[in-house]
Amino acid sequence: MRVGILALQGDVREHAAAIHRLGAEPVEIRTPDAIDHLDALVLPGGESTTISLLLDRSGLRARLAAWVSAGRPTLGTCAGLVLLADEVLDGRPDQRSIGGLPIAVRRNGFGRQRYSFEAEVQSSDGGEPFEAVFIRAPRIERVLDGTTVLAELVIDGSPEPVVVESGHCIGCSFHPELAGDDRLHRRLLELAETTTAV
Ligand code: GLN
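Here the structure is a predicted model, which is why all the values come from computation and not from measurement. (Residues numbered from 1 in each chain as written. Predicted model: local features only at pLDDT ≥ 70, side-chain atom pairs only at ≥ 80, totals over all residues. Heavy atoms only, no water.)

S.K.: Would you mind going over the packing of helix α2 (residues 48-58) against helix α3 (residues 60-69) with me for this structure?
M.R.: How two helices sit against one another is set out by the angle between their axes and by the gap between those axes. The geometry of α2 relative to α3 is characterised by a closest axis approach of 5 Å and an angle of 105° between their N-to-C directions. Looking at the two axes, α2 sits roughly perpendicular to α3. Listed contacts from α3 to Ser52, Leu55, Asp56 and Ser58 of α2 are Leu60, Arg61 and Leu64. (Axes fitted to C-alpha atoms, helices over the stretch in contact; angles between N-to-C directions. Helix = DSSP H or I, 4+ residues; strand = E, 2+ residues; numbered from the N terminus. Parallel < 35°, antiparallel > 145°, perpendicular 65-115°, else oblique. Contact = heavy atoms within 4.5 Å.)

So, in structure tokens, the structure goes:
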């Protein structure tokens, strides 16, 4: 199984290691043609404004948008979640997301007090909590129908979604790859097994 990792900017290496641990082949994606013959795709964290700019410069935007709208398996973490959100609040005016997840996220939405932090996040399937690393993370503010919440963070006593799935897209506001927790990458590979390659 070949899993592309968008490698224009951001933490590519840790995602490649996770894919490798699961027995799949990580492929770094920098050009439009590199998207051919993939089974799944990871959009890593980084800076969504920079990634948005580089998607235009590299010519990758249209191919990526076609990939996501065709329902191909995609995991977006942190800045990658911003790219997958249908609605972005507090984005820079010149940044554009790809869309795919029917959610609204607020960029850097945890504010200055929670600029970067680690927290235990409850998995909705009742499994082990995630040891989640948040770095200037986007905050999921609205989740529309048809979206499943896979994990929640309790803030000031109220739970809010931090991992969501809809169609063949998974979005995560923290960095699972930094904690060496491969569950979301494994879920991505499961989604890939149920779809046919391009
Ligand atoms: N704040 C960044 C953005 O809006 C995301 C940070 C990250 O990916 N760790 O793109």
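S.K.: Looking at this structure, how should I read the environment of alanine 192?
M.R.: Residue position: alanine 192 is located in helix α5 (residues 183-193). The residues contacting alanine 192, other than those within four sequence positions of it, are Met1, Asp39, Ala40 and Pro73.

S.K.: Would you take a moment to explain the site of the ligand for this structure?
M.R.: Lining the immediate surroundings of the ligand are Gly45, Gly46, Glu47, Ser48, Cys78, Ala79, Arg107, Asn108, Ile135, Arg136 and His175. Contacts to the ligand include arginine 136, whose backbone N or O atom sits 2.8 Å from a nitrogen atom. Separating a nitrogen atom of the ligand from a side-chain N or O atom of histidine 175 is a distance of 2.9 Å. When the ligand sits alone it has 300 Å² of accessible area, and the protein chains cover 98% of it. (Near = heavy atom within 4 Å. Polar contact = N/O pair within 3.5 Å; in protein donor to acceptor, adjacent residues only side chain to side chain. Areas by Shrake-Rupley, 256 points an atom, 1.4 Å probe, with all protein chains shown as cover.)

S.K.: Just to check I follow, could you spell out the nonpolar core for this structure?
M.R.: In summary, soluble globular proteins display a tendency toward joint burial of nonpolar side chains. If you look at the biggest cluster of nonpolar residues, it comprises 32 residues, and the most contacted ones within it are Val3, Val121, Phe134, Leu153, Val162, Val163 and Phe174. Listed in part, the 26 residues of the second largest apolar core include Leu84, Ala85, Leu101 and Ile103. (Core = buried A, V, L, I, M, F, W, Y, C linked by side-chain atoms within 4.5 Å. Buried < 20%, exposed > 50% of the residue type's maximum accessible area, 1.4 Å probe, protein only.)

S.K.: Would you mind going over the sheet that holds strand β5 (residues 85-89) with me for this structure?
M.R.: Across the sheet, which stays open at both edges, the three strands sit in the order β5-β6-β9 with mixed pairing between neighbours. The open sheet has two edge strands with one neighbour each: β5 and β9 (139-143). Sheet twist, expressed as the mean angle between neighbouring strand axes with direction ignored, is 30°. Note: β5 against strand β6 (residues 101-106), four bridges, orientation parallel. Paired with glutamate 87 across the two strands is alanine 104, which belongs to β6. (Pairing = 2+ DSSP bridges.)

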